[in-house]
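Below, each chain spelled out in residue letters.
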Amino acid sequence: MPEPCRIPVNGIELNVALAGSGPDVLLLHGFPHTWELWSHVMADLSDRYRVIAPDLRGFGASTRAETGYDAMTLAEDAATLLEALGVCSAAVVGIDAGTPPAFLLAMRRPGLVRRLVVMEALVGRLPGAEDFLADGAPWWFGFHAVPGFAETVVEGNEAAYIDWFLNAGTLGSGLPAQARDAFVAAYTGREALRCAFAYYRALPESAAQIEQAVAATRLTMPTMAIGSHPVGTALERQLRPIADDLTGHLLEDCGHIIPLHRPDALLDLLRPFLAGHQTGQACVRG
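Residues numbered from 1 in each chain as written. Predicted model: local features only at pLDDT ≥ 70, side-chain atom pairs only at ≥ 80, totals over all residues. Heavy atoms only, no water.

Trainee: Would you explain the packing of aromatic side chains in this entry?
Mentor: Taken as a whole and judged by the stated rule, the model has 19 aromatic pairs. Relative to F143, the ring of W139 has its centre 6.3 Å away and its plane inclined at 35°; by these criteria the two rings are tilted. Placement of both W139 and F143 in helix α4 (residues 139-145) is noted, with a separation of four residues, approximately one turn of the helix. Residue classification places W139 among the partly exposed residues on the basis of a relative accessible area of 45%. The side chain of R115 reaches across the aromatic face of F273, ending 4.8 Å from its centre. (Phe/Tyr/Trp six-rings, centres within 6.5 Å; stacked < 30°, edge-to-face > 60°. Helix = DSSP H or I, 4+ residues; strand = E, 2+ residues; numbered from the N terminus. Buried < 20%, exposed > 50% of the residue type's maximum accessible area, 1.4 Å probe, protein only. Lys NZ or Arg CZ within 6 Å of the ring centre and 35° of its normal.)

Trainee: Explain unusual backbone geometry here, please?
Mentor: When glycine is set aside, most residues are seen to have a negative phi, and most peptide bonds are trans. Of the consecutive residues F31 and P32, the connecting peptide bond is found in the cis state with omega at -5°. Mapped onto the fold, P32 is located in the loop between β3 (24-28) and α1 (39-45). The step from H229 to P230 runs through a cis peptide bond, and the omega angle for that step is 20°. Assignment of secondary structure puts P230 in the loop between β7 (223-227) and α10 (234-239). Of note in this structure, N10 is not a glycine but carries a positive phi near 50°. Of the residues examined, N10 reaches a relative accessible area of 34% and is grouped as partly exposed.

Here is the structure:
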């Protein structure tokens, strides 16, 4: 297992796991995860790539910042991390809450993103997700969005709350004890919960940032959208009108937590996609 290190970026410190050598691949997790979401993926890809997996701002062992949970700030966190590691160009992979910052990083800094993979999330309010949202957003979006409320309710019951998401995200099969315990520990306590829910409270700001980006430019790099349950093909439909080179995949019988529920199926998609046009490894800095 890679040993995490702390890297100062954008006024905070990110806890970052590094493994392997070769072309760079940046992995951005979601809720309620940490970098350990990618443990199986990192073990496989590190034979051919340098894999970079941070705990996002406020999550895991990264700084529990007071602000900065909008997608644009998170994208700048990612860009600053890559620059701190001497990376000129990386493949960027995001899931859940990691998808909007991955998307904005690709839109705003296309020279830094050679390939983009996004999974199991929506990108703001862009058209294409109407079927998914026909009955409204998932219940926890509203619950998490009320400032100061959800953490008051969940505190003291974190394990049961996080277990609900982990079980739902694996279609009831759950996670190995080590991964489950790591996630529960990372989301235990008032401050950890505040940071997690801050992502949801920033969603309107993030959606406005996404709309501004789409009005100004397109996704120009090869992009892959992967859906499972429950998002399905909604993300692919959102990206189709604004992406120059988009591949979509739907994983059947797979829960939301793709990298841990169906890691082999995910790797079967990632390996050939990441292997295309491997350029831009480490910057040479004076």
